[in-house]
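Fold and geometry: a report
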Amino acid sequence: MNPVIKGCSHILVHVPNVMLEAGTTQILERENKNSDYLLKINDYIRSYEDCISYPPNQAYIGNIYPDKLNDIPRPWYQNPLPPNRFGPFGEIMPEDEFYALMQISDVFDLVLLEKDFVKEVRRKLEGHPLISEKDLSRLKEGVSLEEIERQIENKAVPLRFNGKIVGCVKKAHDKDITLSSHVMLENLATKASAILAFKHLLKNTGMSPEEIDYIIECSEEACGDMNQRGGGNFAKAIGEIVGCSNATGADVRGFCAGPAHALLNAASLIKSGVFKNVIVVAGGATAKLGMNGRDHVKKGLPVLEDVLGGFAVLVSQDDGINPIIRLDSVGRHTIGAGASPQAVMHAVAVEPLERLGLKVTDVDKYSVEMQNPEITEPAGAGDVPKANYKMIAALGVKRGDIEKSQIDEFILKHGMPGFAPTQGHIPSGVPVLGHIREKILKGEIKRAMIIGKGSLFLARMTNLFDGISMIIEANPGVKEEKGVEEKEIRKMIAKALRDLAEYLIGSEV
């Protein structure tokens, strides 16, 4: 009963106004009354058209394979592709529609939208292929601008579009800071973007929501109240709106490595036979919007961290077709493994290969921390994926799998350019799943490794790093059992039981 990846979705949401309002960098800058960054930032905000024509974004939703980015001159934002909202894996949703999706996702009347704005956005959503009549019935008629302004005076977070206030997110409790308007905006944005990814996954796989047994949510937010700040359950809240009436679920957290842990949990639940169809899903993180914006503006770049990321993966029982998740070769960075980058990479990338007797070159594609270098390089963080691939190659040289002169060739062949937004959990291993699944199904590659890494020290609970990996392989197909078929065996057993019954009856007589 091998677990297989039956489908994937990858979505983005263009939210420049949410970035200005809720991105941590922008919030901290507002404490500086003379912030040069905030004075200039509006001149560096991208339009929706610029966002959907940006090559890495098109790679994320599946319209181009990430390797194609090597053929597009950099900077990529100066070499746009034809704008395309939808792709094989999902879409890039505009901000006004996302505000409406946030209200559709809201079950406590915390999102207020202005009447005229609702009329306009409702017309747009009526044409959306995944927004149902039931969804639209949850979109309220709207309130007056005066009511919204009154709520903003009472510490609600404003929602802006095209330079106007079109709504707000209210606080959910007068005293509880865990239910403040800022936190509710974070959590509702995570929930709504995860719902969008979930809907695309169901479309991509042809599954009905009622067929889903279990949901694992693995974003970097945590919902709760002052008595259990991270104790809530995004998974069931998301499944409720999508219509998964037969599912239960829970959340998995592990910083950037959370999705890899969630994928492992899903695969294990399938392997054990506990569930048949498990969804791993995550929405975006508003706090990380515009995270490197100061450096972008300082160097004359557009603020490229203006999108929320989301994804969903369906893990199911072996169908003999879809790529399998191997559970006999899970890489893990243990507590005693050491915290150096080399120690982490050896634990998650090399050790699982050693257990299978494989070389580093036996993996066709590695997916590491797939951050877009056009975002990270101006901030001084360098090309993160390339640095990871260089480490794997160096370990391959140490093992004798490749020559030192082959490192650059290895990176080009077995790596990929970074293309994912810096949303923490979103770029860590999982953004390639849709691409990898398609390549394996087409027979273009046989094996890939998904690597998730996390910075556990951020919580100030430990100085440890984290890392976990798994190998995705082509399905060998369902093997036919040799000998007597199961149907024939059942017939033989039934006949034997009948003969025994007749003998016992005859004995009694």
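See the structure shown above.
Take the overall build of the protein chain next. Of the regular secondary structure elements, the protein chain holds 19 helices and 13 strands. Scaling as 2.2 N^0.38, a compact globule of 509 residues should have a C-alpha radius of gyration of about 23 Å, and the protein chain matches this with 25 Å. Over its C-alpha atoms, taken along the principal directions, the protein chain stretches across nearly 100 × 70 × 45 Å. Here the protein chain, with 509 residues, has 53% of them falling under the buried criterion. Look at the contacts in the protein chain between residues 6 or more apart in sequence, and 75% of them connect residues 24 or more apart. A total of about 22800 Å² of accessible surface is found on the protein chain, and carbon and sulfur atoms cover 51% of it. Considering the protein chain, the positive charge centre built from 60 side chains and the negative charge centre built from 68 side chains are found 2 Å apart.

Turning our eyes to something else, we now look at the side chain of Asp106. Secondary-structure assignment places Asp106 in the loop between helix H6 (95-105) and strand S3 (111-113). In this structure Asp106 is buried but unpaired, with Lys140 as the nearest side chain of opposite charge at 5.6 Å. Polar contacts involving the side chain of Asp106 include one to the main-chain amide nitrogen of Asp109, which spans 3.3 Å. Separated by 2.9 Å, the side chain of Asp106 and the backbone nitrogen of Val111 make a polar contact.

This part covers the nonpolar core. Counting 76 residues, the largest nonpolar core has Phe311, Val313, Tyr366, Ile392 and Ile451 as its most contacted members. If you tally residues by element for this core, the top one is helix H12 (residues 258-272), at seven residues. Excluding residues within four positions of it along the chain, Ile392 makes contact with Met345, Ala349, Val360, Tyr366, Val368, Phe410 and Ile451. With 61 residues, the next largest nonpolar core counts Ala100, Met184, Ala189 and Phe198 among its residues.

This brings us to the packing of helix H14 (residues 341-356) against helix H16 (residues 384-399). Close contact between H14 and H16 brings their axes to 10 Å; oriented N to C, the two are set at 60°. Taken together, the axis directions place H14 and H16 in an arrangement best described as oblique. Viewed along their axes, H14 and H16 form a crossing whose handedness is right-handed. For the pair H14 and H16, contact is made by Pro341, Gln342, Met345, His346, Ala349, Val350 and Glu354 and by Asn388, Met391, Ile392, Leu395, Lys398 and Arg399, respectively. Its residues assigned to classes, the contact of H14 with H16 shows seven nonpolar, three polar and three charged.

Strands sit in the order S3-S5-S4 across an open sheet of three strands; the sheet is antiparallel. In this open sheet, the two strands that pair with only one neighbour each are S3 and strand S4 (157-161). Along the sheet, successive strands turn relative to each other by an average axial angle of 30°, direction set aside. Direction of pairing for S3 relative to strand S5 (residues 164-169): antiparallel, over a ladder of three bridges. Residue pairing for S5: Leu112 is matched across the bridge by Cys168. Lying on the sheet, helix H9 (residues 145-153) is in contact with S3, S4 and S5; it crosses S5 at an angle near 55°.

Our next topic: the packing of H6 against helix H10 (residues 181-205). Direction vectors running N to C along H6 and H10 enclose 100°, while the axes themselves pass 9 Å from each other. Taken together, the axes of H6 and H10 lie roughly perpendicular to each other. Packed against H6, whose contacting residues are Phe98, Leu101, Met102 and Ser105, the element H10 presents Leu185, Leu188, Ala189, Lys191, Ala192, Ser193, Ile195 and Leu196 at the interface. The residue inventory of the contact of H6 with H10, partitioned by class, reads nine nonpolar, two polar and one charged.

Procedures and definitions
- Per chain, residue numbering runs from 1 following the sequence as it is written.
- Only residues with pLDDT of at least 70 are given local features in this predicted model, and only at 80 or more are side-chain atom pairs given and counted; all residues enter the totals for whole chains, interfaces and linings.
- Water and hydrogen atoms were dropped before computing side-chain values, which therefore reflect all heavy atoms in the structure.
- Runs of H or I in DSSP of at least four residues are treated as helices and runs of E of at least two as strands, each being numbered from the N terminus.
- Here the globule rule reads 2.2 Å times residues to the power 0.38, and the radius of gyration is calculated from C-alpha atoms.
- For each residue, the accessible area found with a 1.4 Å probe, counting protein chains only, is set against the maximum for its type, and the residue is called buried under 20%, exposed over 50%, and partly exposed in between.
- Should any heavy atoms of two residues lie within 4.5 Å, those residues are considered in contact.
- In these tables, accessible area is a Shrake-Rupley quantity obtained with a 1.4 Å probe, and a residue counts as shielded only by the protein chains included in the view.
- When charges are counted, neither His nor the chain ends are considered; positive counts come from Lys and Arg and negative counts from Asp and Glu.
- In plain terms, the charge of a residue is placed at NZ if it is Lys, CZ if Arg, CG if Asp and CD if Glu.
- By definition, a salt bridge exists where a carboxyl oxygen of Asp or Glu is found within 4 Å of a side-chain nitrogen of Lys or Arg.
- Distance and chemistry together define a polar contact, namely a pair of N or O atoms within 3.5 Å, with one atom able to donate a hydrogen and the other to accept it when in protein, and with adjacent residues in sequence counting only for side-chain atoms on both sides.
- We define the nonpolar core as a collection of buried residues of types Ala, Val, Leu, Ile, Met, Phe, Trp, Tyr and Cys that are connected through side-chain atoms lying within 4.5 Å of one another.
- With axes taken as lines fitted to C-alpha atoms, and helix axes fitted only over the stretch in contact, angles between N-to-C directions fall between 0 and 180 degrees.
- Any angle that falls under 35 degrees is termed roughly parallel, while one over 145 is termed roughly antiparallel, one within 65 to 115 roughly perpendicular, and all others oblique.
- The handedness criterion is simple: a crossing whose near helix is rotated anticlockwise from the far helix by less than a right angle is left-handed, and one whose near helix is rotated clockwise is right-handed.
- All amino acids are sorted into three groups, where Ala, Val, Leu, Ile, Met, Phe, Trp, Tyr, Cys and Pro are nonpolar, Asp, Glu, Lys and Arg are charged, and the leftover types, Gly among them, are polar.
- Each pair of strands is called paired provided DSSP finds at least two bridges between the two strands.

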